[in-house]
Number of protein chains: 4
Amino acid sequence: MIYFNCDYLEGAHPAIMKKLMETNLEQTIGYSADPYCAAAREKIKAACQAPDADVHFLVGGTQTNTTVIASILRPYQGVLAAASGHINVHETGAIESTGHKVLTIPTTDGKITAQQIDENCYALAHDDNYEHIVQPGMVYLSHPTEYGTLYTKDELTAISEVCRKWQIPLFLDGARLGYGLMSDVSDLTLPELAHLCDVFYIGGTKVGALFGEAVVIMNDALKRDFRNMMKRHGGMLAKGRLLGIQFETLFTDDLYFTISRHAIDMAMQIRDIFVSAGYPLLFDSPTNQQYPILPDEDFAALRKDFGFEFWERVDETHSGTRFCASWATTQENVDALRQAVQALKK
Amino acid sequence: MIYFNCDYLEGAHPAIMKKLMETNLEQTIGYSADPYCAAAREKIKAACQAPDADVHFLVGGTQTNTTVIASILRPYQGVLAAASGHINVHETGAIESTGHKVLTIPTTDGKITAQQIDENCYALAHDDNYEHIVQPGMVYLSHPTEYGTLYTKDELTAISEVCRKWQIPLFLDGARLGYGLMSDVSDLTLPELAHLCDVFYIGGTKVGALFGEAVVIMNDALKRDFRNMMKRHGGMLAKGRLLGIQFETLFTDDLYFTISRHAIDMAMQIRDIFVSAGYPLLFDSPTNQQYPILPDEDFAALRKDFGFEFWERVDETHSGTRFCASWATTQENVDALRQAVQALKK
Amino acid sequence: MIYFNCDYLEGAHPAIMKKLMETNLEQTIGYSADPYCAAAREKIKAACQAPDADVHFLVGGTQTNTTVIASILRPYQGVLAAASGHINVHETGAIESTGHKVLTIPTTDGKITAQQIDENCYALAHDDNYEHIVQPGMVYLSHPTEYGTLYTKDELTAISEVCRKWQIPLFLDGARLGYGLMSDVSDLTLPELAHLCDVFYIGGTKVGALFGEAVVIMNDALKRDFRNMMKRHGGMLAKGRLLGIQFETLFTDDLYFTISRHAIDMAMQIRDIFVSAGYPLLFDSPTNQQYPILPDEDFAALRKDFGFEFWERVDETHSGTRFCASWATTQENVDALRQAVQALKK
Amino acid sequence: MIYFNCDYLEGAHPAIMKKLMETNLEQTIGYSADPYCAAAREKIKAACQAPDADVHFLVGGTQTNTTVIASILRPYQGVLAAASGHINVHETGAIESTGHKVLTIPTTDGKITAQQIDENCYALAHDDNYEHIVQPGMVYLSHPTEYGTLYTKDELTAISEVCRKWQIPLFLDGARLGYGLMSDVSDLTLPELAHLCDVFYIGGTKVGALFGEAVVIMNDALKRDFRNMMKRHGGMLAKGRLLGIQFETLFTDDLYFTISRHAIDMAMQIRDIFVSAGYPLLFDSPTNQQYPILPDEDFAALRKDFGFEFWERVDETHSGTRFCASWATTQENVDALRQAVQALKK
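Note that the structure is a prediction, hence the values are computed from the model and not measured. (Residues numbered from 1 in each chain as written. Chains lettered and ligands numbered in written order. Predicted model: local features only at pLDDT ≥ 70, side-chain atom pairs only at ≥ 80, totals over all residues. Heavy atoms only, no water.)

Trainee: Honestly, the interface of chain A and chain C in this entry has me stumped. Any pointers?
Mentor: The extent of an interface is frequently quoted as the accessible surface area lost upon association of the parts. At the interface, 20 residues of chain A touch 20 residues of chain C. Taken over both partners, the interface formed by chain A and chain C buries close to 2,100 Å², and the fraction arising from carbon and sulfur atoms is 44%. Taken together, the connections running from chain A to chain C amount to 2 salt bridges. In this structure, R227(C) engages E131(A) in a salt bridge whose closest nitrogen and oxygen atoms are separated by 2.7 Å. Here chain A and chain C share 14 residue pairs in polar contact (both at pLDDT 80 or more) between them. (Contact = heavy atoms within 4.5 Å. Buried area = accessible area lost by both parts, 1.4 Å probe. Salt bridge = Lys/Arg side-chain N within 4 Å of Asp/Glu carboxyl O. Polar contact = N/O pair within 3.5 Å; in protein donor to acceptor, adjacent residues only side chain to side chain.)

Trainee: Just checking my understanding: could you explain the sheet that holds strand 5 (residues 135-142) of chain A for this structure?
Mentor: Residues and elements named next belong to chain A. Pairing is mixed across the open sheet formed by 7 strands, whose spatial order is 2-8-7-6-5-3-4. Among the strands making up the open sheet, the edge pair consists of strand 2 (54-58) and strand 4 (102-105). Direction aside, neighbouring strands of the sheet carry axes that sit 25° apart on average. Inspection of the sheet shows strand 6 (residues 170-173) paired to strand 7 (residues 199-203) by 2 bridges, in the parallel sense. In the sheet register, L172 faces strand 7, and the bridge partner there is F200. Across the sheet, helix 6 (residues 114-125) lies against strand 3 (77-82), strand 4 and strand 5, angled at about 170° from strand 5, the strand it touches most. (Pairing = 2+ DSSP bridges. Helix = DSSP H or I, 4+ residues; strand = E, 2+ residues; numbered from the N terminus. Axes fitted to C-alpha atoms, helices over the stretch in contact; angles between N-to-C directions.)

Trainee: Would you mind showing me how to read helix 12 (residues 255-276) of chain C here?
Mentor: Residue and element names in this part refer to chain C. In this model helix 12 runs 31 Å from its N-terminal to its C-terminal C-alpha over 22 residues, within 8% of the 32 Å that 1.5 Å per residue would give. Restricting attention to buried positions, one finds in helix 12 the residues L255, Y256, F257, I259, S260, A263, I264, M266, A267, I270, I273 and F274. Two residues or fewer after helix 12 comes G278, characterised by a positive phi angle close to 95°. (Expected span 1.5 Å × (residues − 1). Buried < 20%, exposed > 50% of the residue type's maximum accessible area, 1.4 Å probe, protein only.)

Trainee: For this particular structure, what's the right way to read the pairing of strand 6 (residues 170-173) of chain B?
Mentor: Residues and elements named next belong to chain B. Neither face of strand 6 is left uncovered, since the one carrying L170 and L172 and the one carrying F171 and D173 both have all their residues buried. By the bridge criterion, 4 bridges tie strand 5 (residues 135-142) to strand 6 in an arrangement that is parallel. Pairing of L141 across the sheet is with L172, part of strand 6. Handedness of the strand 5-helix 7 (residues 153-166)-strand 6 crossover: right-handed. (Right-handed = clockwise from strand over helix to strand, strands pointing away.)

Trainee: Would you explain the interface of chain C and chain B in this entry?
Mentor: Counting from both sides, the interface comprises 44 residues of chain C and, opposite them, 44 residues of chain B. Carbon and sulfur atoms make up 58% of the surface buried where chain C meets chain B, a total of about 4,000 Å² over both sides. It is Q27(C), R232(C) and K239(C) that lose the most area in chain C upon contact with chain B, and together they represent 19% of the buried surface on that side. Our count for the chain C to chain B interface comes out at 26 residue pairs in polar contact (both at pLDDT 80 or more). Of all the secondary structure elements, the ones that give two or more residues to the side of chain C that touches chain B are strand 1 (2-3), helix 1 (14-22), helix 3 (61-72), helix 5 (94-97), helix 10 (226-232) and helix 11 (241-250) of chain C. Its residues placed into classes, the side of chain C that touches chain B shows 21 nonpolar, 16 polar and 7 charged. (Nonpolar A, V, L, I, M, F, W, Y, C, P; charged D, E, K, R; others polar.)

Trainee: Can you help me understand the packing of helix 1 (residues 14-22) of chain B against helix 11 (residues 241-250) of chain B in this one?
Mentor: Axis angle and axis distance: for two packed helices, these are the angle between their axes and the distance between the axes, and together they describe the pair. Residue and element names in this part refer to chain B. Running from amino to carboxyl end, helix 1 crosses helix 11 at an angle of 135°, the nearest separation of the two axes being 9 Å. It follows that helix 1 is oblique to helix 11 by the angle criterion. Remark: the crossing between helix 1 and helix 11 carries right-handed chirality. Residue-level contacts link A15, I16, K19 and L20 of helix 1 to L242, I245, Q246, T249 and L250 of helix 11. (Parallel < 35°, antiparallel > 145°, perpendicular 65-115°, else oblique. Left-handed = near helix turned anticlockwise from the far one by under 90°.)

Trainee: Looking at this model, I keep getting lost on the relation of the copies chain A and chain C. Mind explaining?
Mentor: Copy one and copy two of the chain differ by a rotation about an axis and a translation along that axis. Take chain A, turn it by 180°, move it 0.0 Å along the axis, and it overlays chain C with an RMSD of 0.0 Å. Taken together, the turn and the small shift mark the pair as related by a two-fold rotation axis. Of the C-alpha atoms belonging to chain A, the one lying closest to the rotation axis is found on R74(A), 4.1 Å away. Interface overlap between copies: 100% of the residues of chain A at the interface are likewise at the interface in chain C, consistent with a symmetric, same-surface contact. (Least-squares fit on C-alpha atoms with pLDDT ≥ 70 in both.)

Trainee: Explanation requested: the environment of Q116(A) in the structure shown.
Mentor: Residues and elements named next belong to chain A. Turning to its location among the elements, Q116 is positioned in helix 6. Note: C-alpha distance between Q116 and H132 (16 residues apart in sequence) is 21 Å. Among all residues touching Q116, those that are not within four sequence positions of it are I105, P106 and K111. A distance of 3.0 Å separates the side chain of Q116 from the backbone oxygen of P106, its partner in a polar contact.

Trainee: Help me understand the packing of aromatic side chains in this model?
Mentor: The relation between two aromatic rings is expressed through the spacing of the ring centres and the mutual angle of the planes. In total, this model carries 70 aromatic pairs over all chains according to the counting rule given. Arranged with centres 4.8 Å apart and planes meeting at 50°, the rings of F274(A) and F323(A) form a pair that is tilted. Here F274(A) is found in helix 12 (residues 255-276), whereas its partner F323(A) is found in strand 13 (residues 318-324), with 49 residues between them in sequence. Between the aromatic rings of F274(D) and Y279(D), the centroid separation amounts to 5.8 Å while the plane-to-plane angle is 70°, which identifies the pairing as edge-to-face. Judged on exposure class, the residue F274(D) and its partner Y279(D) are both buried. Grouping aromatic residues by their ring pairs yields a cluster made of F4(A), F274(A), Y279(A), F299(A), F306(A), F308(A) and F323(A). Stacked on the ring of F308(A), the Lys or Arg R303(A) has its end atom at 5.0 Å from the ring centre. Its guanidinium or amino end placed over the ring of Y151(C), K111(C) lies 5.6 Å from that ring's centre, counting from NZ or CZ. (Phe/Tyr/Trp six-rings, centres within 6.5 Å; stacked < 30°, edge-to-face > 60°. Lys NZ or Arg CZ within 6 Å of the ring centre and 35° of its normal.)

Trainee: It is not clear to me how the relation of the copies chain C and chain B should be interpreted in this structure. Could you clarify?
Mentor: Placing chain C over chain B gives an RMSD of 0.0 Å and needs a rotation angle of 180°, together with 0.0 Å of translation along the axis. Most of the interface of chain C is mirrored in chain B, where 100% of its interface residues are also at the interface.

Trainee: Whenever I open this one, the environment of K304(B) confuses me. Can you help?
Mentor: All names here are of chain B. Tracing the backbone shows K304 in the loop between helix 13 (296-303) and strand 11 (306-307). Judged by its relative accessible area of 64%, K304 is exposed. Between the alpha carbons of K304 and L9 there is a distance of 18 Å; along the sequence they are 295 residues apart.

Trainee: Looking at this model, I keep getting lost on the pattern of salt bridges. Mind explaining?
Mentor: When the charged atoms of two side chains with opposite charge come close together, those side chains can pair. All names here are of chain A. By the definition in use, this model includes 68 salt bridges over all chains. With a closest N to O distance of 2.7 Å, D184 and R261 form a salt bridge. Of this pair, D184 sits in the loop between helix 8 (177-181) and helix 9 (190-196) while R261 is found in helix 12, placing the two residues 77 residues apart along the sequence. In this structure D184 comes out as exposed when scored by relative accessible area, which is 53%. Judged by relative accessible area, R261 falls into the partly exposed class, the value being 25%. Residues joined by salt bridges that share partners form a network here, namely D184, R261 and D265.

Trainee: Honestly, the sheet that holds strand 3 (residues 77-82) of chain B in this entry has me stumped. Any pointers?
Mentor: Within a sheet, adjacent strands bond to each other through the backbone by hydrogen bonds, running parallel or antiparallel. All names here are of chain B. As summarised here, the arrangement of the 7 strands in space is 2-8-7-6-5-3-4, forming an open sheet in which the pairing is mixed. Strands with a single pairing partner mark the edges of an open sheet, and in this sheet they are strand 2 (54-58) and strand 4 (102-105). Mean inter-strand twist for the sheet, computed between neighbouring axes without regard to direction, equals 25°. Its contacts with the sheet place helix 7 against strand 5 and strand 6, and it is angled at close to 145° to strand 6.

Listed below in structure tokens is the structure:
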């Protein structure tokens, strides 16, 4: 069985495992106050060209989204997000657990626009029922989105400007950030992206680490006591150095970018496998997630040897699916998939 | 200025004020443990033909919705409701403040259907991401709805059955219940409605009282420690007898129903005023709220002498509006409105 | 049966009832945007010599405490309060329902000191585990306290200064404020008290109103969107004018102070009844609550004709009790109590 | 510098690291639905002699405490715990973040008694203010406690019985469980302990793992949808197999117990170092944490070469401290400490 279900099927990049082994019996103090975390912070700030940023390390995405959002909003405020956003659909109400509503914006491609944000803020500001309505207190984006799509530099700039106009922070969920930055179509660099956001995170779990997300707080007003929020939400890892070691390794010699680029190469091959075999795509994703639409018989046939995700029913005989590549995807596995898909067409 | 903005413009029915005056200097113990509350509970249970129900008195609607919903749901569950539902749009995130998501169902007339509820429950039960998704833990309806519409006996029965099938409680917000029950088109009696619900409330604030909502808990499983929940949510009135006196008065000699019927009579006149003058209606409401669509110049002209609510923009030159009748609406004021509308058409 | 159990046994002062009757069928818009609330706000600001204060009206004490505290604290902060404080012991976890810990300070007389507050703040600021500990984010006092005791001007000034030193707001719960201000031993005026606090409230429920608490926000930084918080916590009364009418009446011709003084007079008689009969007092209260310690046989004998509260067991044969006077306590009832107590001693 | 500050200074036991390396590039599905987690569950159930238990893996202690407690309590309930309990003092209000009060019980040795629990439950059940008070909904213990102390079999049995009498679940925090079970004075086996609890966890972070806590749910009533709660609280690790691999290794060939015993051996040497040098102990701990009281000059001298924790000020010239041993503590480091302490006495 070969799995393309998601981008967290394997452990960590061997360079990380090697470093974890080498340092295993060293003694360091806890809670990310160790030298490895310090070094990782410096490398990430350098990569972002953001010397004044605060960098924090958490274990997973839901925890990170919850902690960041709860640290920003006033109680009666909510977070604007695409209706398809991870925080709205796949976190079992983690945002609501902190008292906040996810204010959803309709989307077809997983992205939201500056105009939609502006309209929402304008509508509330001019509503007679202002005091009875949840106030947009921040914006949540993911890049890439749940559908694998990307914001352009112009789009993200426009969103950033509208957020500053309404004085609401912009938070970018970068669980798959490497796969966005290294996409062929990306016109955004990491420093550019960083400076357009108030806070964002660089995903490790899906990009080479055993686990870990690096939160980068750009806006000074959001920095105060963030570690207290982390502890409160169970996001302060005792052996914090595990996160430091991983991120230091990822941000040494551009490893994060190199392995992300590998995933894009594999994903583009997967895309080509299906497109050249005549299968349509549910979303036009330039990143590591690919969404071919399969007829039921091909779906069933492929499932015998390959793991992939059912995404949604398209019509009575077809389903949208998701195949993910990652830093760990092998050419051998992609070749096996190509053969299997080509065999379907014979 | 004559106001039709809402159904809480005046104080209370004179019979209530008289009783409050008569009892003013009596001493009673607090927190609704007094004889007036006891008597009111008995009269409400008799009116509902529900001798085993628990009846509790709270001050207002948002407080009541929050307390009931938070008392029912497990932490990771949400409440299914129409997207237009009061809890979703006009309570400043009160439900979310208790950690719960409002799971919205699209609607055009303010109502949701048994089939929509069934589909939502079915979809989750069969989703591979079951553990990552907020679980529907109950259903919230309002009757009348935010758009003045009503559930038929068949519709409410079907909803009740689907709730029991999925073992999720059905909660009916009756902030305007009298105006629903006394509508010409209603085919539901109070006892029928009571026995289809697990919990519901009988609105006093909008139907003759200074304030107050009477929660009726039909389902034994929902009764435990509800008063603790009330206290926790600031819903335990110190001088609870004020609520008892009001509801006892409303449920003596059918006052609640008589004054509700008066509001319907007034509302039907308001409806006729606009319809016979050729104005279309935004919603087809058989209850105390009426929603004529006015061209901008008529809107402006009427606003000089009459208070009413802007509801939503319909097109570039028209707005939907809301005119409410209530127990307190006078024939004189309705006549004045008729004259003014007719004058517009000359 | 004559009740001294609490200070919310009767309805409202007759002047309030009269005004409610007179205005009953007037039409006003909802949610305290009416002229009565406007007038009440002006009178309260004048009484406080605080022209820039914001004044809001809520229905009850638990709701008010919760709304104020939740509007001030950051998520990881708690509220410093006496261990005996109402928010810590008698609100069914309402503060915790908003995510905040009550950080308790030991007390024997219901009061806390500036030094205790200072020590708590200092200890945290110097603790290696700073990020793991709930941070004191504000101070909660009640005046009078749960034990009927009062802060002196010097004590409250010292507390105010230490709060400003640590930059944490001072919130004073004035559910019984009138009974504190009119006590013989009080050396604080309302304007003095107001200017020492960041936010406080003037209790109506226990001092002449049917219900209602007037929150006065002195500190500009705490004013933003307080009404949104009120709505979220179910504290926005639909017929807000009921609160405005009551507080306008209470703050006309010094009614609030006159009726509070009456309660003190009655309470001092009650105190004298017990003290002169040789009963010790559990707390030395100069306000409307009195706490005689009764032997079991006297407790039982008095309970036949009088309602009063068991407070706590003192030893094997004695209990501390609470007798409350209020604006509504009659000389006749106090005289009956005197006779009964004196009869016990014969 | 040699550190004895805590029991999470190093990485993981080499057997765990070896297994993580060997399996690193295997593909497994996420969220602990993999074969390693399945195997670990079976081994833990066998070790507990609890074939019907549910076993779940989370990353850290605060997250685990929060998730378990929030999954059990009704909104208006709190958790009874020692005032010194970790959830009360060192989790930045994580329990309160879920709406629940920590109901503290005074303690001098970190333990609470069956009688204290019984008194708390009895007092509430008989309080006139029942509805105004946070209800004890469960009991939280840690074993070993924060002070390194242990419950005897008799003590834990009595606590278990009183919990069952009042129908409130018993939750045992076993962050250092191995160090408790392997203490010389322990008269409790793991299966005995398991069957006295409704839910408990076996700590990995402090006992040989990189991270991880294994929750064992014994009581069927607490099993429902626990994974939904985990996800909601950010406690569902994407690469769940990392937890499975670690716990499977720890529960193979008694590794968990063997390495725990090593820590006890080292701790008893540390204890002897101080006791035989004449230093008193702050707490009489038979487990891996030792609490010598040091005069200021010795404190300062030892701090030059050794890391250890300041615990609390004892008098003007002495401080209580904490020295921890763990699975990773070396004889060499303990010997160095002995030499240093003996040198102080010369």
